[in-house]
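# Fold and geometry: a report
Here is what each chain is made of, one letter per residue.
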Amino acid sequence: MAGLYIHIPFCAKRCLYCDFFSNTDMKFKEPYIDAAIREMELRQEYIGGEPLDTIYFGGGTPSQLQQADFERIFEAADRLFGTSSCTEITLEANPDDMTPEYVASLRNLPFNRISMGVQSFKEKDLRFLNRRHDREQALRAVGLCKENGIQNISIDLIYGLPGQTLEEWQENLDDAIRLEIPHISAYHLIYEEGTALYKLMEAGKVTPIEEDLSVTLFSTLINRLTEAGYLHYEISNFGRPGYFSRHNSSYWTGTKYIGIGPSAHSYNGESRQWNISSLPRYLQGIKAGIPDIEIEELDINTKYNDFIITGLRTMWGIRTADIRERFGEEKQTYLEQQAATYLRQGLLIRENDTLTLSKKGIFISDGIMSDLLWV
Ligand code: SF4
């Protein structure tokens, strides 16, 4: 089975912290949809004819598209890849796009999962982040999805904002729990170079929170949500049983996926590919029939490293038998040696032949993973 990711590179306005590829000029919408369909035709072979399990519209802001736009894309996806085997079709949406009419229109489309960029239920956070929506719109959007029969809802939350207190973060989590949202992705605010937020930090106008508070916010996130019955199935992702993101899980389990649109990534087990992060160059390449793509062929060491990084992020961990089977005895022995200290320190856990991060280990996952990599 394989995944299809379609990047919608438009946003009504840019958020302070965002480094995703998007632009605010909707005049390119029609040419872009034509190009995305053409790209699917040109790159149809990349996933080797495997049936699609998931489709994910990400962005950017996919909810800037209308029913007729999605119909064209779905028609092409069905014609080129076949969509009848899909079990999960996700739309990323901004809460303020989710008007009653818009949510009702989604019922005419095959979406069965909505992932909403709520980020916070606090007005001051939303204003700081330069989000378009307010608290009321976020609450209304969740309600409208449920009224229209969409139960499989995910929200994104951001924590670690300058000046954020532990109480404010707890209240955000409590709102999400009270709303009975079955899936939550929560990310620490990152100061990505090139973003407006980064410039504010450089100018001394905002100050990142202290490391100790970051750790407290992360442990509060884990404790609060697990106590409420969510499973912490990936470092930043929590879901009620039956509501894990199949599409994102496929990234962590080595499933093939093809990414369509500027900045989209693809992976088919043998190579990774990145589409150019420029709309004009993307459109030009597609028009010429030569998609502007960077390709990395994966050697065995890179495949092993990918397997470690993606596997250890999840609650399913890494089976050492899989390492031997896929990468040979040398890599298995290496992994066992590298893992030994962390096992002794209780930062990794070994059950049967599976290695997972312990509750303590999750807090220093990057360091552990890098020590397990083949260099
Ligand atoms: S809506 Fe999403 S993609 Fe667009 S600027 Fe904001 S965070 Fe970035």
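Rules behind the numbers
- Residues numbered from 1 in each chain as written.
- Predicted model: local features only at pLDDT ≥ 70, side-chain atom pairs only at ≥ 80, totals over all residues.
- Heavy atoms only, no water.
- Axes fitted to C-alpha atoms, helices over the stretch in contact; angles between N-to-C directions.
- Helix = DSSP H or I, 4+ residues; strand = E, 2+ residues; numbered from the N terminus.
- Parallel < 35°, antiparallel > 145°, perpendicular 65-115°, else oblique.
- Contact = heavy atoms within 4.5 Å.
- Nonpolar A, V, L, I, M, F, W, Y, C, P; charged D, E, K, R; others polar.
- Phe/Tyr/Trp six-rings, centres within 6.5 Å; stacked < 30°, edge-to-face > 60°.
- Near = heavy atom within 4 Å.
- Salt bridge = Lys/Arg side-chain N within 4 Å of Asp/Glu carboxyl O.
- Buried < 20%, exposed > 50% of the residue type's maximum accessible area, 1.4 Å probe, protein only.
- Expected span 1.5 Å × (residues − 1).
- UniProt positions renumbered as here; feature names shortened; annotations may be inferred.
- Patch = residues over 30% accessible without salt bridge, like charges linked within 9 Å, V, L, I, M, F, W, Y side chains within 5 Å.
- Areas by Shrake-Rupley, 256 points an atom, 1.4 Å probe, with all protein chains shown as cover.
- Left-handed = near helix turned anticlockwise from the far one by under 90°.
- Pairing = 2+ DSSP bridges.

### Points about the packing of helix H1 (residues 29-42) against helix H2 (residues 67-80)
What describes two packed helices is the angle between their axes and the distance between those same axes. The geometry of H1 relative to H2 is characterised by a closest axis approach of 9 Å and an angle of 10 degrees between their N-to-C directions. The pairing of H1 with H2 is recorded here as roughly parallel in orientation. Residues Lys29, Glu30, Ile33, Asp34, Ile37, Met40 and Glu41 of H1 pack against Asp69, Arg72, Ile73, Ala76, Ala77, Arg79 and Leu80 of H2. Its residues assigned to classes, the contact of H1 with H2 comprises seven nonpolar, no polar and seven charged.

### Notes on the packing of aromatic side chains
Enumeration over the complete set of coordinates arrives at 20 aromatic pairs. Their ring planes at 70 degrees and their centres at 5.6 Å tell us that phenylalanine 307 and phenylalanine 327 sit as a pair that is edge-to-face. Here the residue phenylalanine 307 occupies a position in helix H11 (residues 300-312), and phenylalanine 327 occupies one in helix H12 (residues 320-327), the gap between them amounting to 20 residues. Each residue in the set Tyr304, Phe307, Phe327, Tyr334 and Trp374 is aromatic and connected to the rest through ring pairs, giving one cluster.

### Description of the site of the ligand
With respect to spatial proximity, the complete set of residues near the ligand consists of Cys11, Lys13, Arg14, Cys15, Tyr17, Cys18, Gly60, Thr61, Asn94 and Arg131. In terms of residue class, the shell around the ligand is made up of four nonpolar, three polar and three charged.

### So, the pattern of salt bridges
Considering all chains together, one arrives at 26 salt bridges under this definition. For arginine 132, the salt bridge identified is with aspartate 97, shortest N-O distance 3.3 Å. Residue arginine 132 is found in the loop between helix H4 (123-128) and helix H5 (135-147), and its partner aspartate 97 is found in the loop between strand S3 (88-93) and helix H3 (100-106); the two are separated by 35 residues along the sequence. In this structure aspartate 97 comes out as buried when scored by relative accessible area, which is 12%. Among the ionic contacts, a cluster of salt bridges with common partners joins Arg38, Glu41, Glu75 and Arg79.

### Points about H11
Between the first and last C-alpha of H11 there are 18 Å, a value that for 13 residues agrees with the 18 Å anticipated at 1.5 Å per step. When H11 is considered as a whole, its buried residues turn out to be Thr302, Tyr304, Asn305, Asp306, Phe307, Ile308, Gly311 and Leu312.

### So, the UniProt feature "domain: Radical SAM core" (unreviewed entry) in the chain
Taking the UniProt record as the reference, the feature "domain: Radical SAM core" (unreviewed entry) is found at residues 1-224. Within the segment residues 1-224, helix and strand shares are 39% and 18% respectively, and the terminal C-alpha atoms sit 34 Å apart.

### Quick notes on a nonpolar patch on the surface
Side chains of Val215, Phe363 and Ile364 sit close together on the surface and give an oily, nonpolar patch of about 230 Å² of accessible area. Classification of valine 215 by relative accessible area gives partly exposed; the value is 35%.

### Digging into the packing of helix H6 (residues 166-178) against helix H8 (residues 211-227)
Axis separation between H6 and H8 bottoms out at 10 Å; the angle between their running directions is 25 degrees. As summarised for this structure, H6 and H8 are arranged roughly parallel, according to the angle between their axes. The crossing of H6 and H8 is right-handed. Between H6 and H8, the residues in contact are Leu166, Trp169, Gln170, Leu173, Asp174 and Ile177 and Thr216, Leu217, Thr220, Leu221, Arg224 and Leu225, respectively.

### What to know about the side chain of glutamate 168
With respect to the helices, strands and loops of the structure, glutamate 168 is situated in helix H6. Beyond its immediate sequence surroundings of up to four residues, glutamate 168 is in contact with Lys122, Lys124 and Gly163.

### A short note on the pairing of strand S15 (residues 354-357)
Going residue by residue along S15, you find Thr354 and Thr356 tucked away on one face and Leu355 and Leu357 tucked away on the opposite face as well. Here strand S13 (residues 318-319) runs beside S15; their pairing, made up of two bridges, is antiparallel. The residue bridging isoleucine 318 from the neighbouring strand is leucine 355, located in S15. Here four bridges tie strand S14 (residues 348-351) to S15, and the two strands are oriented antiparallel to one another. The residue of S15 that forms the bridge with isoleucine 349 is threonine 356. The turn joining S14 and S15, which pair antiparallel and follow one another in sequence, is formed by two residues; a positive phi near 50 degrees is taken by asparagine 352.

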